[in-house]
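Okay, here's what each chain looks like letter by letter:
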Amino acid sequence: MKPIAIALILLSAAAPSYAAKKSTVDDLKQTLVTLHEGNKSDQDIATRLKEIDLGEQLTASTRESLQQYAPGPLAAQQLDILEGRTAVLIPPHTDLPQTAAPDTATQKAILAKAVDFVTRVYMQNPHLLATRATTRYQDGVTSIRTNSGVGNNMPNAGRSWEPPDMTVRLIGSHSDTVETEKGVELIRPVKQRQPWGQNGQISEGGPGPVLSVILQEAAEAGTLAWRRWQTIQGRTVAVFAFAVPKKKSHYEVHYCCFPVTEDTGRMGYEGTGANLQYNTDWKDFKSVAAYHGELFIEPETGVIVRVITQAELKPTDFVHQEDMRIDYGQVLIDGQPRILPVESFTLNEVVPNGDNYAARYSIRHTLFHVIYTNYETVAK
């Protein structure tokens with residue numbers, strides 16, 4: 001990584017923007033209390049939770065405190081989904097420290113400590129193995145339609161006009177082993193039995209953004225700006241916002257695989273009628289995108305405990321959204337404490353059927369929740 005010149009970092013005030021009014025975390029709590037007092041079943045509570053669209057982050061600590069009002073497995077799963085879907089949002093204002101923002105000199109000092117942490121500590125992590133447990137939640141269509149064969153591109157082909165299930169639900173979980181070196185997850189080639197990835201669906205993206213690259217590009221773009229104080233696992237951290245334009249970005253959005261259909265120009269016959277034939281090929285979506293996000297830094301040590309990135313994609317892309325949150329924590333390896341990824345959330349919106357005429361306008365939202373455990377050094 002090139003030296004990061006703190007002098008190039010431009011600090012500017014940035015006020016958060018708010019979307020249309022949604023439910024608050026307090027609304028959620030009041031709803032759960034009312035349902036609990038009404039002796040509603042686990043199914044009733046889960047059904048009600050599916051209707052809630054939060055505009056604030058449901059933090060892990062708040063989610064745990066609400067568990068007493070939703071003790072059943074169905075309701076608990078919906079709380080998990082709400083926690084994941086709000087992972088990149090700001091917590092309720094009442095949960096934020098009310099301490100005044102530090103002056104510019106102090107902000108620069110915090111950022112200088114973060115640079116020192118990344119270069120002198122984080123990037124010195126050894127070659128490691130870890131267990132990655134991934135849980136997938138999803139809404140929308142449940143299968144990918146292709147146009148191969150005769151007549152399959154007609155609007156009434158298959159069941160393409162059936163309304164998709166837009167309720168986010170558990171799809172499944174799986175575990176695998178990953179390698180990291182200098183804190184960066186290494187990309188390992190994976191042979192898929194089907195071209196569309198895990199669980200017969202569009203696969204999860206790559207290993208996520210590289211911490212050192214984010215800090216470098218945010219500094220070079222001159223957009224690092226103080227945002228707020230926030231409490232994470234009982235610690236007060238400094239939050240800085242950033243934005244990286246596409247011309248300065250190395251942020252790659254990469255998903256496999258989307259069906260792309262072509263007219264073969266041939267005619268096929270079914271019964272008494274003639275139909276055009278179409279072939280389907282499978283292609284990755286890969287694009288370097290502009291992105292923005294936030295860095296969460298311990299002010300005394302410069303340790304980065306969380307990173308949020310949000311890719312800026314076009315509505316005409318097969319991937320409309322990729323929001324990621326990576327949490328870092330202390331892991332003991334060979335008796336030595338290391339700071340490494342311990343949890344991540346990825347939220348995306350894709351067009352799973354690619355350019356399929358009959359279903360190209362369907363969209364799917366997916367939440368990947370990843371837990372990293374069992375870090376160990378790679379034997380030399």
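As a reminder, the structure under discussion sits directly above these lines.
These figures come from a predicted structure and were not determined experimentally. (Residues numbered from 1 in each chain as written. Predicted model: local features only at pLDDT ≥ 70, side-chain atom pairs only at ≥ 80, totals over all residues. Heavy atoms only, no water.)

Undergrad: How should the state of the cysteines be read in this particular structure?
TA: Each disulfide consists of a covalent bond between the sulfur atoms of two cysteine residues. On inspection of all chains with the given rule, the structure shows one disulfide. The disulfide partner of C256 is C257, and the gap between their sulfur atoms is 1.7 Å. The disulfide joining C256 to C257 has a torsion of about -50° about its S-S bond and is therefore left-handed. This pair shows no difference in class: C256 is buried, exactly as C257 is. (Disulfide = S-S within 2.5 Å. Buried < 20%, exposed > 50% of the residue type's maximum accessible area, 1.4 Å probe, protein only.)

Undergrad: So what exactly am I meant to see when it comes to the environment of S41 here?
TA: Locating S41 in the fold gives a position in the loop between α1 (25–37) and α2 (42–50). S41 sits in the partly exposed class, given a relative accessible area of 34%. Separated by 31 residues in sequence, S41 and G72 have C-alpha atoms that sit 8.3 Å apart. (Helix = DSSP H or I, 4+ residues; strand = E, 2+ residues; numbered from the N terminus.)

Undergrad: Sorry, what's going on with α1 here?
TA: Two residues of an α-helix separated by three or four positions point the same way, owing to the 3.6 residues in each turn. Its 13 residues give α1 an end-to-end C-alpha distance of 18 Å, which sits within 8% of 18 Å, the value for a rise of 1.5 Å per residue. V25, L28, T31, L32, V33 and L35 are the residues of α1 that are buried. Residues of α1 that are buried in the fold lie against α2, α3 (60–66) and α4 (73–85). Positive backbone phi, approximately 55°, marks N39, located one or two places after α1. (Expected span 1.5 Å × (residues − 1). Contact = heavy atoms within 4.5 Å.)

Undergrad: Would you mind showing me how to read the pattern of salt bridges here?
TA: Note on pairing: side chains with opposite charge can pair once their charged atoms come close. By the definition in use, this model includes twelve salt bridges. Between E51 and R48 there is a salt bridge, with its nearest N and O atoms 3.3 Å apart. Here R63 ties to D80 by a salt bridge, and the two come within 2.8 Å at their closest N and O atoms. In this pair, R63 is assigned in helix α3 and D80 in helix α4, connecting sequence segments 17 residues apart. By sharing partners, the salt bridges in this structure join R63, D80 and E83 into a single network. (Salt bridge = Lys/Arg side-chain N within 4 Å of Asp/Glu carboxyl O.)

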